[in-house]
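Listed below are the residues making up each chain.
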Amino acid sequence: MKQELLAPAGDIEAGYAALYYGADAVYLGLKNFSARATAANFGADDLNEFTAYAHSLGRKVYAAVNTLVQEDELPELLKTLDLCVKYDVDALIVQDLGVARVVRDVYPELELHASTQMAVHNKEGALALQKLGFSRVVLARELTLNEIKEIAAIPGLETEAFIHGALCYSYSGLCMFSSLETGKSANRGKCLYPCRAAFGGGDGEKHYFSMKDMALQSEVLKMPVTSLKIEGRKKTALYVAAVVDYYRRLLDGKGDDAERAEHIRQIFSRPWTKFHFNGKNKDVIDRDFVGHRGLKIGKTGKSANHVLQFRTTHKIARYDGIQIDVPGEEKPFGFSLQSLRVNGRSVYEAQAGETVEIRLPPQAPVLEKGWDIYLASSSEVKGAYPYEKPKPGAFKQRRKINVTVMIEPSRLTAVSGSFSFAVDGEFAKAENPGRTEEAVRKAFGKTGDTDFALGALAIENPQGLFVPVSLLNELRRGLYAKIVFEDKPRCLPNIGQPAAFGVPQWIVKTDRVETLSGIDLDEAAEIVFLLSPDTRPETLSALPKNKIRLALPTVCRHPKIFEKTIVAMLSAGYKKWEIGNYWGLEALPEKGVDLSFDYPLYMLNTQAAAMAGEAGAARVTLSPEDVLRNMRLMAEKAPLPVVLPVYADVPLFISADCIRSNACADCPRGEKWLDLTRNGVHYKALSRDCQIMLFDERPLCFAAEAPEIRAAAYRVDFCFKPYSSAQAAEIWARVRRFCDVDGCAKGNINKPALL
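Residues numbered from 1 in each chain as written. Predicted model: local features only at pLDDT ≥ 70, side-chain atom pairs only at ≥ 80, totals over all residues. Heavy atoms only, no water.

Engineer: Help me understand the overall build of the chain, please; the structure alone is not making it clear to me.
Structural biologist: When helices and strands are tallied, the chain shows 17 helices and 40 strands. Oriented by its inertia axes, the alpha-carbon framework of the chain measures out at about 105 × 85 × 45 Å. The burial tally for the chain puts 57% of its 755 residues in the buried class. Sequence separation of 24 or more characterises 71% of the internal contacts of the chain that already satisfy a separation of 6 or more. Here the chain displays about 30,700 Å² of accessible surface, and carbon together with sulfur accounts for 49% of that area. Seen as two clouds, the 96 positive and the 94 negative side-chain charges of the chain have centres 2 Å apart. (Helix = DSSP H or I, 4+ residues; strand = E, 2+ residues; numbered from the N terminus. Buried < 20%, exposed > 50% of the residue type's maximum accessible area, 1.4 Å probe, protein only. Contact = heavy atoms within 4.5 Å. Areas by Shrake-Rupley, 256 points an atom, 1.4 Å probe, with all protein chains shown as cover. Lys, Arg positive; Asp, Glu negative; His and termini not counted. Charge placed at Lys NZ, Arg CZ, Asp CG, Glu CD.)

Quick look at the structure:
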C-alpha cells in the first residue's frame, strides 16, 4: 500500500509548494468553519484554482470544516459545503456531529474524515465513528505505535496520523482553556494558546504545558496508517516545502537527510520530540523557553564591548538570524547578524568549525559563557526551495456539458440541455465533410473563461454541408453565452419535533459516593456516577439504585480495563449510562441501555443532537463553553432533551503529558494536586494515572442564568476535586435556588457570541 503524504496549506502558495515537493494530498481551510481561523485560508477562487491544479497532477485536496457550529450558523454552513461540492473537494475533515449529519444526508458525494478534534484515542472510538459514516479517522497525536497499529488494522477504515509539527498539550478537541479563560475557543479555531504561557508552580516560574514539536523523522517508516500528516496551516510556504521535501525523500527510500532536517530547524522549530510514539515519554515539554529556536550551532564564549566570540558548528553568513537562550527569559534573544569576523578579518560567511566574532546589537543582554546559540533563519535556506506554480487563472474546475450541433441548408443550431442558439445562412455541399466536422469540434472546444468544458459533442450533418469557421464561432459564442448553471439549493435535513418535557429536573453527578451523604437525594431525579475500573455494584449500595446513571470517563486509552466493570454493572441491572467520547458507543451494548451524551461530545446545534439520537442517545448535554443565546436555542429546538451543567469544575484540558518533576521510574502514581498561578488566577492541576487535568480554582456556575434556559434538566457536578459532604450539600441547596456560588467563573455564557 502506497501511503499518502498529506501536507498543510494555510494559503495557496503553501499549497503549490506542497504539491511541487511531492505531497500526495493537501488539506486546507476555507474562510469559515476552519480550526485554523487565523490562517489566511482559501476563498472560492483560490479553492477553485488550487483544486483544479491538484487534480490535474493526480493529487487530492481535503477541506477542513472542523469547528463547532452554532445553531444560527447552519445556513452559512450550507454555503461552505456548496463550495466544496462545486469545486470537487475530495473529502471533508469534520469535528461537529451536526456537520457530519448534514454532509451525510445532503452532500453524500463528499467523503467524511473524522478530525483529530474528535479525540479518537482507541480502537473503540474509531469503530464507532466508522459506523457513523466516517471513511477515515485522524488519530490523536498521543498514541503509541502499538496503539496506532491496532486502530489501523480495522477493516475498511482509513487512518491518518500526524508525523511532524506543533503539538497541543491537551488531547485535541478536549481543551476549553482558551475558550473559558480568554473567550477565544480552540474548538472554533481561535485559540490564544494560554498553555504556552509561564505559570508559577512548585518548580518556580515555568512553562509547564508548552510542548516541543513532533518530528518522527525516520520513525515514519514504521507507521502503518493510510495517510501521514504534517501539521502547519499557519506556517509559511518555505516551511511546508522543506518539511514535505524531507519526508518525501524518506518515504521514497532516499534516506534520512541530515542537511534537510537542519533546514527545517532553521526555518521554524521548537525542540523536537518523538512524543509518545515509542512509548510513554516525559521529555515532551519545553519548560524554559517558548517559540521558534532554530538549529543549535554552538555556545556563547567570551563577550565584551558588544562583541561575542564562539565556535560555530554550522556554516553561517551575514544577515542570518541568530538566537541565544538567556536563562530567566521566556523567549530567546534574537537578532540579525550584521557583522562577522574570522581570525580578525571581516568575512561574508564562516564555515563549520571556525571561531567567529559577531557584533551584538545595542539592546543585547549581558551574555555569560555556555549559553546555547541557534541559527534561526538562513538566507541560503530561504532560497533553497523554489517551486513552480501555474499562471493565475490557468486552472479552474469546469463542469462537463454535452452539445449537439445540427447543420441544415439554411440554419445552424446548437443545443445543450435546455439551452439552444441558431444562426441562419445558406450552406452548400462540402468538398470534404470530414473537415467540417473537424472545424465544429475545434470551435466548440474553445470554452474560454466559462465555468464549463466540452463533454460529448454530437454533429448532425446528414447532407455533408460546409460551414464557415466564422459562423461556427458565432454559433458557439451564442450558445455558451446562454448557458447558466442554476444549482438546486440544498436544505438542512429534518431533525424532527423539539423534545417535549415538563418541569426541569435536577441531576447530581459525582465520582465519590461519600460526597452525596449530606444531600437529600429525594430532591435529585438522577444521580450520575463517574466510574473507575475499580467500581463494583457494591460501591453504590448507599445510593438509590433506580436513580443511578453510570458515566464512562472521557479518555480511556485501554477500554479493556472497563470490560469487567461494564459487564458487572449491566448484570446488576444498571441500564442508564453516560458517555463523553465516541469509544463509549462501542463499549456499551447497542440496545437495552438508556444513553446520555455528556458535554465533551459537543452539542452546539440541533443537527448534532439529531445525529446523537441516531447514534443511540436519549438525551444530550450542553457545552459549558457555549453562550446563553445558543443554549436557549438548543433547549427550545433540539429533538432530544438537553441537560444544562449549572455547576461544575470543568477540565480546562485533559492531557497525557505529565508535569510531575520526578522521573516515571520514581513515580508513586496515585492522585496528586499541583498548585499553579498565572496573572493572579489560581489553578489546580490533577495528576492521576498518567493523566493531567487542569482546573480553574473557581468553579463554573450558571445558576443565575439557568431559568432562561428551559432545559429538561439542570446538573450539579462534584467530580474530580474533593468535596466534603457539607460543602456539596451547601452548594446543592444554593444552586437549586438559582443562586450563584460566591467567586464562581462564568465562562462565555453572558457574552454575545462564541468566538
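Engineer: Please explain the sheet that holds strand S17 (residues 321-324) as it appears in this structure.
Structural biologist: Hydrogen bonds along the backbone pair up the strands of a sheet, which may run parallel or antiparallel. What the 4 strands build is an open sheet, ordered S13-S23-S17-S18; its pairing is antiparallel. Edge positions in the open sheet fall to strand S13 (295-299) and strand S18 (333-336), since each of these has one partner strand only. Mean inter-strand twist for the sheet, computed between neighbouring axes without regard to direction, equals 30°. One ladder, built from 4 bridges, connects S17 with S18; its direction is antiparallel. Its bridge partner being in S18, Gly 321 is matched across the sheet by Ser 336. Here helix H9 (residues 258-267) sits on the sheet and contacts S13 and strand S23 (372-377); the angle it forms with S23, its principal contact strand, is near 90°. (Pairing = 2+ DSSP bridges. Axes fitted to C-alpha atoms, helices over the stretch in contact; angles between N-to-C directions.)

Engineer: Whenever I open this one, the nonpolar core confuses me. Can you help?
Structural biologist: Proteins that are soluble and globular tend to have nonpolar side chains buried together. In this structure, Leu 92, Phe 209, Trp 577, Phe 597, Leu 644, Phe 718 and Val 735 are the most contacted members of the largest nonpolar core, which totals 214 residues. A total of 10 residues in this core trace back to one element, the largest contributor, which is helix H8 (residues 237-251). (Core = buried A, V, L, I, M, F, W, Y, C linked by side-chain atoms within 4.5 Å.)

Engineer: Explanation requested: the packing of helix H1 (residues 12-20) against H8 in the structure shown.
Structural biologist: In helix packing, the relevant descriptors are the interaxial angle and the interaxial distance, both defined with respect to the helix axes. For the pair H1 and H8, the least separation of the axes is 8 Å and the interaxial angle reads 20°. Taken together, the axis directions place H1 and H8 in an arrangement best described as roughly parallel. The handedness of the crossing between H1 and H8 comes out as right-handed. Counting all contacts with H1, which are made through Glu 13, Ala 14, Ala 17 and Ala 18, the residues of H8 involved are Ala 237, Val 240, Ala 241 and Val 244. In the contact of H1 with H8, the residues fall into 7 nonpolar, no polar and 1 charged. (Parallel < 35°, antiparallel > 145°, perpendicular 65-115°, else oblique. Left-handed = near helix turned anticlockwise from the far one by under 90°. Nonpolar A, V, L, I, M, F, W, Y, C, P; charged D, E, K, R; others polar.)

Engineer: Help me understand empty space enclosed by the protein in this model?
Structural biologist: Any empty space left between the atoms is revealed when a probe the size of a water molecule rolls over them. Summed over the entire model, instances satisfying the criterion amount to 6 cavities of 30 Å³ or more. In this model, the largest cavity occupies a volume close to 460 Å³. Around the largest cavity sit 33 residues that line it, and Ala 35, Arg 36, Gln 117, Cys 168 and Ser 172 are the ones nearest its centre. Here the lining of the largest cavity is built from residues that sort into 15 nonpolar, 11 polar and 7 charged. (1 Å grid on protein atoms, 1.4 Å probe; cavity = no way out; pocket = protein on both sides within 12 Å on 5 of 7 lines; lining within 4 Å. Points joined across faces, edges and corners; volume = space filled by probe spheres on them.)

Engineer: I tried to follow helix H12 (residues 469-482) on my own but got confused; where do I start?
Structural biologist: Residues spaced three or four apart along an α-helix point in a common direction, a consequence of the helix completing one turn every 3.6 residues. Here H12 spans 20 Å end to end across 14 residues, near enough to the 20 Å set by a 1.5 Å rise per residue. Looking only at H12, the buried set comprises Leu 471, Leu 472, Asn 473, Leu 475, Arg 476, Gly 478, Leu 479 and Tyr 480. Here the buried face of H12 lies against strand S24 (399-408), strand S25 (411-416), strand S26 (419-424), helix H11 (433-444) and strand S27 (452-460). (Expected span 1.5 Å × (residues − 1).)

Engineer: I tried to follow the packing of aromatic side chains on my own but got confused; where do I start?
Structural biologist: What the rule picks out here adds up to 29 aromatic pairs. Aromatic side chains Phe 209 and Phe 653 sit 5.0 Å apart centroid to centroid with 70° between the ring planes, which places their arrangement in the edge-to-face category. Of this pair, Phe 209 sits in the loop between strand S9 (204-206) and strand S10 (213-215) while Phe 653 sits in strand S35 (residues 653-655); the two residues are 444 residues apart in sequence, bridging distant segments of the chain. Ring centres of Phe 562 and Trp 583 lie 6.2 Å apart, and the angle between their planes is 50°; this geometry places the pair in the tilted category. On the criterion of sequence distance, the pair formed by Phe 562 in the loop between strand S30 (548-551) and helix H13 (563-571) and Trp 583 in helix H14 (residues 583-587) is long-range, its members being 21 residues apart. Under the relative-accessibility criterion, Phe 562 is labelled buried at 3%. Residue Trp 583 is classed as buried on the basis of its relative accessible area of 0%. Within the aromatic cluster, the residues linked to one another by ring pairs are Tyr 169, Phe 177, Phe 199, Phe 209, Phe 653 and Tyr 683. Sitting above the plane of the Phe 162 ring, Arg 141 keeps its charged end 3.7 Å from the centroid. Above the face of the Trp 272 ring, Arg 265 is positioned so that its terminal group lies 3.9 Å from the ring centre. (Phe/Tyr/Trp six-rings, centres within 6.5 Å; stacked < 30°, edge-to-face > 60°. Lys NZ or Arg CZ within 6 Å of the ring centre and 35° of its normal.)

Engineer: Which parts of the structure should I look at to understand the pattern of salt bridges?
Structural biologist: Pairs can form between side chains of opposite charge once their charged atoms are near each other. In this structure the tally under the stated criterion is 58 salt bridges. Here Asp 252 makes a salt bridge to Arg 248, at a shortest N to O gap of 3.2 Å. According to the relative accessible area criterion, Asp 252 is partly exposed, its value standing at 43%. Judged by relative accessible area, which is 12%, Arg 248 ranks as buried. (Salt bridge = Lys/Arg side-chain N within 4 Å of Asp/Glu carboxyl O.)

Engineer: Got a minute to help me understand the packing of H11 against H12 in this structure?
Structural biologist: Where H11 meets H12, the axes come as close as 9 Å, and the angle between the chain directions of the two elements is 40°. The angle between H11 and H12 falls in the class oblique. Every pair of crossing elements has a handedness; the one defined by H11 and H12 is right-handed. The residues of H12 that touch H11, namely those facing Ala 439, Val 440, Ala 443 and Phe 444, are Val 469, Leu 472, Asn 473, Leu 475, Arg 476, Leu 479 and Tyr 480. Its residues assigned to classes, the contact of H11 with H12 comprises 9 nonpolar, 1 polar and 1 charged.

Engineer: What is the right way to read the environment of Arg 101 from this model?
Structural biologist: For Arg 101, the location among the structural elements is in helix H4 (residues 97-106). According to the relative accessible area criterion, Arg 101 is buried, its value standing at 6%. Once you skip the residues sitting within four places of it in the chain, Arg 101 turns out to touch Pro 493, Asn 494, Ile 495, Gln 607, Ala 610, Met 611 and Glu 614. Polar contacts involving the side chain of Arg 101 include one to the main-chain carbonyl oxygen of Asn 494, which spans 2.9 Å. (Polar contact = N/O pair within 3.5 Å; in protein donor to acceptor, adjacent residues only side chain to side chain.)

Engineer: Would you mind showing me how to read the sheet that holds S24 here?
Structural biologist: The strand order S26-S25-S24-S27 describes an open sheet built from 4 strands, whose pairing is mixed. With one partner strand each, in any of the chains shown, S26 and S27 form the two edges of the open sheet. Recorded for the sheet is a direction-independent mean angle of 20° between the axes of neighbouring strands. Here 6 bridges tie S25 to S26, and the two strands are oriented antiparallel to one another. Residue pairing across strands places Val 415 opposite Ser 420, the latter belonging to S26. Against the sheet, H12 makes contact with S24, S25, S26 and S27, and its axis sits at roughly 155° relative to S26, the strand it touches most.

Engineer: Quick question: what am I supposed to make of the state of the cysteines here?
Structural biologist: Two cysteines whose sulfur atoms are joined by a covalent bond form what is called a disulfide. Per the stated rule, a full pass over the model turns up 0 disulfides. No disulfide involves Cys 84; its nearest neighbouring cysteine sulfur is the one of Cys 491, lying 18 Å away. The cysteine Cys 744 is free of any disulfide, with Cys 701 supplying the nearest cysteine sulfur at 4.6 Å. (Disulfide = S-S within 2.5 Å.)

No statement about biological role is implied by the geometric values presented.
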